[in-house]
Amino acid sequence: MTQSFGATSTTDEVLEGRDLGGKRILVTGVSAGLGVETARALVAHGAHVVGTARNLEKAESATRGVRAASAGSGRLELMELDLASLASVRRCADDLRRQGKPFDVLIANAGVMACPFGLTEDGFELQFGTNHLGHFVLVNRIASLLRAGSRVVSLSSSGHRYADVYLDDPHFERTHYEPFVAYGRSKTANVLFAVELDRRLRERGARATAVHPGVIETELGRHLPDDALSTFVAQTNAVLAARGERPFALKTIPQGAATSVWAGVVAEADEVGGRYCENCHVTARVTLDPIDPISEGVRPYALDLDRAAALWSKSEALVRERF
């Protein structure tokens, strides 16, 4: 059994005493928030991190502390990747394949949340296209670089509870667009992708898992009203106080990134493979019943094997590639 961690565990606590020298790890979205902290913690423990970002100038500035944290063999390398452009995704994947250097862990961290309606360069609804399809193509195109025993960590969210994927209308061409419904669909897709990817990778010893980092104040919430998080916390705590329960607090960024790091390099492969993780453990609650916004739990449609296979087929059709 792995050591017990929880909601308040930080990246450094999760990685305490671990030497990641010799590990090569890809992290998408290292220009802000969780991606920067994930890279910092891994580099500080000796890993060679390849970090991707749409804006390399922003990423260079944001990751100065990552390079400063380097210990031993730890180092950071940056690559350009715009997940909202399949041309950019394919270019990045082709560059990585040409290099031919294998990976031990791939953390699909980058994403957008609750943005106004928009389309990617390829005509996909922006959240589904960026959060799911961009990573779907990237991971599959470099799957040959995954070592035996490697992990793929797909960042989902408790936001998957807002909506199942809707494969008949993934781009809201006939459905009324709601930002959080679109976000929910994309986050459910992130879990389903991990479920099917795990099934496909398992025979060669690699595994895939999905994680919910928690509620954290980062740039991910830039499309929300300025007072959205403070209002959410106040309303939640009013309910908790009425029930005589302890108040809720947002996670810090090191606490938010801890589950990604735990699932990628600490947890046992069989423990997390094909599962949904939060607060540095696999969630035990799979339910369609109402779930308190701050309670743990995953919707069963996000772990459904047939749904996962159907999403994979639909995704291949949309990106016009078979994997």
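Structure: see above.
Small disclaimer: the values here were computed from a predicted structure and weren't measured. For every chain, the first residue of the written sequence is number 1, and numbering continues from 1 along that sequence. Local features in this predicted model are restricted to residues of pLDDT 70 or higher, and side-chain atom pairs are both shown and tallied only at a pLDDT of 80 or more, whereas totals for entire chains, interfaces and linings draw on every residue. Values shown for side chains rest on all heavy atoms present in the structure; no hydrogens or waters enter the calculation.

A. Expanded view of the sheet that holds strand 2 (residues 48–53). Criterion used throughout: strands pair if DSSP finds at least two bridges between them. Comment: elements are numbered from the N terminus, with helices defined as DSSP H or I runs of at least four residues and strands as E runs of at least two. Spatial strand order, 3-2-1-4-5-6-7-8: 8 strands in an open sheet with mixed pairing. Across the chains shown, the open sheet's two edge strands, defined by having one partner strand only, are strand 3 (75–80) and strand 8 (281–282). As defined by bridge partners, strand 1 (residues 24–28) adjoins strand 2 across 5 bridges and the pair is classed as parallel. Within strand 2, the position partnered with arginine 24 by the bridge is histidine 48. Each of strand 1, strand 4 (103–108) and strand 5 (146–155) is contacted by helix 6 (residues 126–141), which is oriented at about 160° to strand 1, the strand it contacts most. Strand contacts of helix 7 (residues 179–201): strand 5, strand 6 (207–212) and strand 7 (276–278), with the helix running at about 160° to strand 6, the strand carrying the most contacts. Here, residues are in contact when the closest pair of their heavy atoms is within 4.5 Å. Each axis is a line fitted through C-alpha atoms, and for a helix only the stretch in contact is used; angles between axes span 0 to 180 degrees, taken between their N-to-C directions.

B. Geometry of the packing of helix 6 against helix 11 (residues 305–319). Packing of helix 6 against helix 11 brings their axes to within 11 Å, and their N-to-C directions diverge by 90°. One way to sum up the angle between helix 6 and helix 11 is to call them roughly perpendicular. Facing helix 6, whose interface residues are Phe128, His132, Leu133, Phe136, Val137 and Asn140, helix 11 presents Leu311, Trp312, Ser315, Glu316, Leu318 and Val319. Amino acids outside the nonpolar list (Ala, Val, Leu, Ile, Met, Phe, Trp, Tyr, Cys, Pro) and the charged list (Asp, Glu, Lys, Arg) are all regarded as polar, and Gly is one of them. Of the residues belonging to the contact of helix 6 with helix 11, the class tally is 8 nonpolar, 3 polar and 1 charged. Under this scheme an angle from 65 to 115 degrees is roughly perpendicular, one under 35 degrees roughly parallel, and one over 145 degrees roughly antiparallel; angles in between are oblique.

C. Layout of helix 8 (residues 228–242). Taking 1.5 Å per residue, 15 residues should reach 21 Å; helix 8 reaches 21 Å between its end C-alpha atoms and fits that length. We call a residue buried when its accessible area falls under 20% of the maximum for its residue type, exposed when it is over 50%, and partly exposed in between, using a 1.4 Å probe and counting protein chains only. What helix 8 keeps buried is the set Val233, Thr236, Asn237 and Leu240. The buried side chains of helix 8 occupy one side of the element, clustering within an arc of 100° when seen end-on. In helix 8, those exposed residues whose orientation departs by more than 90 degrees from the buried face are Gln235 and Ala242. Immediately downstream of helix 8, the backbone of glycine 244 shows phi near 75°, a positive value. Every helix has an expected span of 1.5 Å times one less than the residues it contains. Of all possible arcs, the one meant is that of the directions from the helix axis to the C-beta atoms.

D. Inspection of the packing of aromatic side chains at higher detail. Under the pairing criterion, centres of Phe, Tyr and Trp rings, with the six-membered ring standing for Trp, must be within 6.5 Å; the plane angle then separates stacked pairs below 30 degrees from edge-to-face pairs above 60, leaving the rest tilted. All chains considered together, the criterion is met by 8 aromatic pairs. By way of ring pairs, the aromatic residues Phe136, Phe193, Trp312 and Phe323 are connected into one cluster.

E. How the structure looks around the packing of helix 2 (residues 33–44) against helix 9 (residues 253–266). In the contact formed by helix 2 and helix 9, the axes pass within 9 Å of each other and the chain directions differ by 65°. It follows that helix 2 is roughly perpendicular to helix 9 by the angle criterion. Judged by the twist between their axes, the crossing of helix 2 over helix 9 is right-handed. The segment helix 2 lies against helix 9, with Gly33, Leu34, Glu37, Thr38 and Leu42 engaging Ile253, Pro254, Gly256, Ala257 and Val261. Each residue belonging to the contact of helix 2 with helix 9 can be placed in one class, and the counts come to 6 nonpolar, 3 polar and 1 charged. Here is the rule for handedness: rotate from the far helix to the near one, and if that takes an anticlockwise turn smaller than a right angle the crossing is left-handed, while a clockwise turn gives right-handed.

F. Looking closely at the nonpolar core. Judged by nonpolar contacts, the single largest core of 47 residues is most densely connected at Leu26, Leu96, Leu106, Val152 and Leu197. Those elements that provide at least two residues to this core are helix 5 (86–99), strand 4, helix 6, strand 5, helix 7, strand 6 and helix 11. When residues in this core are grouped by element, the largest group, 8 residues, is from helix 7. Buried Ala, Val, Leu, Ile, Met, Phe, Trp, Tyr and Cys residues that are joined via side-chain atoms within 4.5 Å together make up what is termed a nonpolar core. Ala258, Ala267, Cys277 and Val282 belong to the second largest nonpolar core, which has 38 residues in total.

G. Local environment of the side chain of threonine 11. Checked against the element boundaries, threonine 11 lands in helix 1 (residues 11–14). The residues contacting threonine 11, other than those within four sequence positions of it, are Glu37, Arg40, Ala41, Pro254, Ala257, Ala258 and Val261.

H. The arrangement of the pattern of salt bridges in detail. What counts as a salt bridge is simple: a side-chain nitrogen of Lys or Arg found within 4 Å of a carboxyl oxygen of Asp or Glu. Taken as a whole and assessed by the stated rule, the structure comprises 18 salt bridges. A salt bridge links arginine 199 to glutamate 196, with the shortest nitrogen-to-oxygen separation between them at 2.7 Å. Of this pair, arginine 199 and glutamate 196 both sit in helix 7, 3 residues apart, roughly one helical turn. Residue classification places glutamate 196 among the buried positions, given a relative accessible area of 3%.

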